[in-house]
Amino acid sequence: GSPSSGINAEYGGGHAIPVQCDHGVDEEIHRLFDRIEKDHGKIDLLVNNAFKGVNTIGKNIPVPFWEQPIESWDDVIHVGLRCHFVASQRAAKMMVPQKDGLIVNVSSPGALFNFFTAPYGVGKAGLDKLSEMCGKELKKHSVTCLSLWPGLVQTEAIVA
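Fair warning: this is a prediction, and the values are worked out from it, not measured in the lab.

Draft legend 1. Looking closely at the packing of aromatic side chains. Tallied over the full model, the rule gives 5 aromatic pairs. Where F65 meets W66, the ring centres are 5.4 Å apart and the plane angle is 90°; that geometry is what we call edge-to-face. Neither residue differs from the other here; F65 and W66 are each classed as exposed. Plain terms: the ring middles of F116 and Y120 are 4.9 Å apart, the flat faces sit at 85° to each other, and that makes the pair edge-to-face. Residue classification places F116 among the partly exposed positions, given a relative accessible area of 47%. In this structure an aromatic cluster arises from ring pairing among F51, F113, F115, F116 and Y120.

Spelled out as structure tokens, the structure:
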């Protein structure tokens, strides 16, 4: 997370510990959750918002899908869908025994409407379906998983 993430959480009465994690590397995600489990023993909230496709999408909006490089798919699906599945699995393994927790997957109306590129739409639709399916499985354990469509999120890549 960015330094501003920690400041915002603490301003709201919470406690944030910014940690750098490359969500394109499963081992880094696992190390992060190992650290959370070791240092805190539980997790209350997971917000999945990692996304690598900003630059790829920008370059490929006018390009037909059949002419886009495969990276336009890989960037969106790997860091934007797959990594959310990995993080959600790890969070759920802690949340289910504690019978409490919330997993929020940051998605977009691009799941339903033709925004940007085909890989973007598929990635967001997949994320919404992941949220629905995980939510159904987690509900009996008093854990919630949902998809949130906040609009354009001002990340470092967007404001640069």
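From this point, the narrative continues.
Draft legend 2. Expanded view of the pattern of salt bridges. This structure, assessed with the given rule, holds 9 salt bridges. Note that R90 is salt-bridged to E37, the shortest N-O span being 4.0 Å. Of the two residues, R90 sits in helix α4 (residues 71–98) while E37 sits in helix α2 (residues 26–40), which places them 53 residues apart along the sequence. Classification of R90 by relative accessible area gives buried; the value is 13%. Accessibility expressed as a relative area gives 42% for E37, which makes it partly exposed. E132 is paired through a salt bridge with K129; the nearest N and O atoms lie 3.2 Å apart. Taken together, the positions of E132 and K129, both in helix α5 (residues 118–139) and 3 residues apart, correspond to about one turn of that helix. What makes K129 partly exposed here is its relative accessible area of 44%.

Cut-offs used in this document
Residues numbered from 1 in each chain as written. Predicted model: local features only at pLDDT ≥ 70, side-chain atom pairs only at ≥ 80, totals over all residues. Heavy atoms only, no water. Phe/Tyr/Trp six-rings, centres within 6.5 Å; stacked < 30°, edge-to-face > 60°. Buried < 20%, exposed > 50% of the residue type's maximum accessible area, 1.4 Å probe, protein only. Salt bridge = Lys/Arg side-chain N within 4 Å of Asp/Glu carboxyl O. Helix = DSSP H or I, 4+ residues; strand = E, 2+ residues; numbered from the N terminus.

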